[in-house]
Amino acid sequence: MIKIPLTEQFETSKLIFGTDKLIRIWSRKSKQELLYMAVDFGITHFDTSTLYGFGQAEMSLRKVLKEFPELTVTSKLGLYPPGDSQKSYFEILSRKLGGKLVPSLSKTIVDFTIEKANFFLETSLKN
């Protein structure tokens, strides 16, 4: 289990960059340019979730976070995308489009158990 002390103080920007709509940008280069532009404009905090873009939002942050380790990130637990956490763009598109006809393909999984939270926290940190 990962333990993160809540007593540590940190500084962050007043504005937070939400990553939930990054999935709408299909070009990885464009996503990276947008994230770097946010940092250039002084944003130091990013909000993400395993649910956003079926996990792709977290993956998009990887390079920026490696280059700027002082950035801070918040995430959420309890709501997860269907299927495994590593999906290709084709599978994401198929689930999103197919979910319009067969809702179970894109239905959010709600699970607030400690086991699921620990699993996805570990997955998020790897991403």
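Preceding this paragraph is the structure being described.
Definitions and cut-offs
Residues numbered from 1 in each chain as written. Predicted model: local features only at pLDDT ≥ 70, side-chain atom pairs only at ≥ 80, totals over all residues. Heavy atoms only, no water. Pairing = 2+ DSSP bridges. Helix = DSSP H or I, 4+ residues; strand = E, 2+ residues; numbered from the N terminus. Axes fitted to C-alpha atoms, helices over the stretch in contact; angles between N-to-C directions. Expected span 1.5 Å × (residues − 1). Buried < 20%, exposed > 50% of the residue type's maximum accessible area, 1.4 Å probe, protein only. Arc of directions from axis to C-beta. Contact = heavy atoms within 4.5 Å. Salt bridge = Lys/Arg side-chain N within 4 Å of Asp/Glu carboxyl O. Phe/Tyr/Trp six-rings, centres within 6.5 Å; stacked < 30°, edge-to-face > 60°.

K.L.:
Help me out: how do you make sense of the sheet that holds strand β2 (residues 45-47) in this one?
P.N.:
By way of backbone hydrogen bonds, the strands of a sheet pair with one another, either parallel or antiparallel. In spatial order, the strands read β1-β2-β3; together these three strands make up an open sheet with parallel pairing. The strands lining the two open edges of the sheet, one partner per strand, are β1 (16-18) and β3 (72-74). When strand polarity is set aside, the average angle formed by the axes of neighbouring strands in this sheet is 25°. As paired elements, β1 and β2 share three bridges and run parallel to each other. Bridge pairing in β2 places G18 opposite D47.

K.L.:
Any chance you could explain helix α4 (residues 114-126) here in plain terms?
P.N.:
Because an α-helix completes one turn every 3.6 residues, residues spaced three or four positions apart along the sequence face the same direction. With 13 residues, α4 ought to run about 18 Å at 1.5 Å a step, and its terminal C-alpha atoms sit 18 Å apart, in line with that. What α4 keeps buried is the set A117, F120, T123 and S124. Down the axis, α4 shows its buried residues gathered within 130° of arc, on one side only. Looking at α4, the residues exposed on the side facing more than 90 degrees away from the buried face are I114, E115, L125 and K126. Of the surrounding elements, those touching the buried residues of α4 are α2 (56-67) and β4 (79-80).

K.L.:
Honestly, the pattern of salt bridges in this entry has me stumped. Any pointers?
P.N.:
Where charged atoms of side chains with opposite charge meet at close range, the side chains can pair. Per the counting criterion, the structure on display carries two salt bridges. Where K21 meets D20, a salt bridge forms, and the shortest distance between an N and an O atom there is 3.8 Å. Classification of K21 by relative accessible area gives partly exposed; the value is 46%. Assessed through its relative accessible area of 33%, D20 is described here as partly exposed. K76 is the salt-bridge partner of D47, the closest N and O atoms lying 2.7 Å from each other.

K.L.:
Explain the packing of aromatic side chains to me, please; I cannot follow it from the model alone.
P.N.:
Within a pair of aromatic rings, the relevant descriptors are the distance that separates the centres and the angle that separates the planes. Across all of its chains, the model carries four aromatic pairs by this definition. Ring centres of Y80 and F120 lie 4.1 Å apart, and the angle between their planes is 20°; this geometry places the pair in the stacked category. Separated by 40 residues along the polypeptide, Y80 in strand β4 and F120 in helix α4 bring together distant segments of the chain. The pair Y80 / F120 is uniform in exposure class, with both members buried. Connected via pairs of aromatic rings, a cluster forms that spans Y80, F119 and F120.

Without other data, these values stay purely geometric and don't point to any function.
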